[in-house]
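# Topology and contacts: notes
Residues per chain are reported as follows:
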Amino acid sequence: FDLQALSDRLPATALSGSARLDSPAWDQPALLQAELSNARAGRWDQQRLPLQQLKLDLALRPDRLGDLLSDPQGLAALQLRRLEARLGSAAEPGGELTASGTGVQLQARLRELRSAALDARLPRLTLGGGLALEGQPGAPGLPLRLQSRLEGQFMPEGAPERPLSLLLQARHADRVLALEDAQL
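Each value, and the rule that gives it
- Residues numbered from 1 in each chain as written.
- Predicted model: local features only at pLDDT ≥ 70, side-chain atom pairs only at ≥ 80, totals over all residues.
- Heavy atoms only, no water.
- Patch = residues over 30% accessible without salt bridge, like charges linked within 9 Å, V, L, I, M, F, W, Y side chains within 5 Å.
- Areas by Shrake-Rupley, 256 points an atom, 1.4 Å probe, with all protein chains shown as cover.
- Salt bridge = Lys/Arg side-chain N within 4 Å of Asp/Glu carboxyl O.
- Helix = DSSP H or I, 4+ residues; strand = E, 2+ residues; numbered from the N terminus.
- Pairing = 2+ DSSP bridges.
- Axes fitted to C-alpha atoms, helices over the stretch in contact; angles between N-to-C directions.

Before going further, it helps to examine a nonpolar patch on the surface. On the surface, Phe1, Leu6 and Leu10 cluster together into a nonpolar patch covering about 310 Å² of accessible area. Its place among the elements puts leucine 6 in the segment before strand 1 (15-22).

Spelled out as structure tokens, the structure:
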């Protein structure tokens, strides 16, 4: 499927794959399993989608779907059992993203991200590391904490490579996002 057929503002793609939805009952978790491939993966600056492959296993009770964003308990009911994304294209691999957890307890890992494989206009760098999102279901204001540490190399054009380290800590409560610490 070509997303660009819907709008010329969307990237050109050749998406194929499968999705399966199993739902035993309205008040029991439904499982969505999807695997997609993009035969026309490429960089954003070439009007392509820098995603080669996506694998997703997601569980949520259908009767909680309406509460997903408005109620912290609804978000906690979301289970991301598996997310695997292979970024870039076959010619220019862009790294891998994996994640699992719930809507309020999420762990993600980025491996060998290469910015040049996603968009040539970006500063050239490689990154890898983790991200943790932790929340308190049932607490007012949906309090969340985000922690991330990424390591890699910055490769400016015409200059030597330099190590790159990014540490980020933030929190969210009552629709306010506060940056607690950012180190580069």
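This next bit is on the sheet that holds strand 4 (residues 79-88). In space, the ten strands of this open sheet follow the order 1-2-3-4-5-6-7-8-9-10, with antiparallel pairing throughout. The strands lining the two open edges of the sheet, one partner per strand, are strand 1 and strand 10 (176-183). Within this sheet the neighbouring strands show an average axis-to-axis angle of 10 degrees, counted without direction. Bridge analysis of strand 1 against strand 2 (residues 30-38) gives eight bridges, and the strand direction is antiparallel. Directly across from glycine 17, in strand 2, lies its bridge partner leucine 36.

Our focus in this paragraph is unusual backbone geometry. Phi at glutamine 47 is positive, roughly 55 degrees, even though this residue is not glycine. When you line up the elements, glutamine 47 lands in the loop between strand 2 and strand 3 (51-60). Positioned with a positive phi, glutamate 112 is a non-glycine residue whose angle comes to about 50 degrees.

Take the pairing of strand 8 (residues 144-154) next. Relative to strand 8, strand 7 (residues 125-135) is paired through eleven bridges, and the arrangement is antiparallel. Following the sheet pairing, glycine 128 is matched in strand 8 by glutamate 151. Where strand 8 and strand 9 (residues 162-173) come together, eleven bridges link them in antiparallel fashion. Note on strand 9: the bridge partner recorded for leucine 144 is histidine 172.

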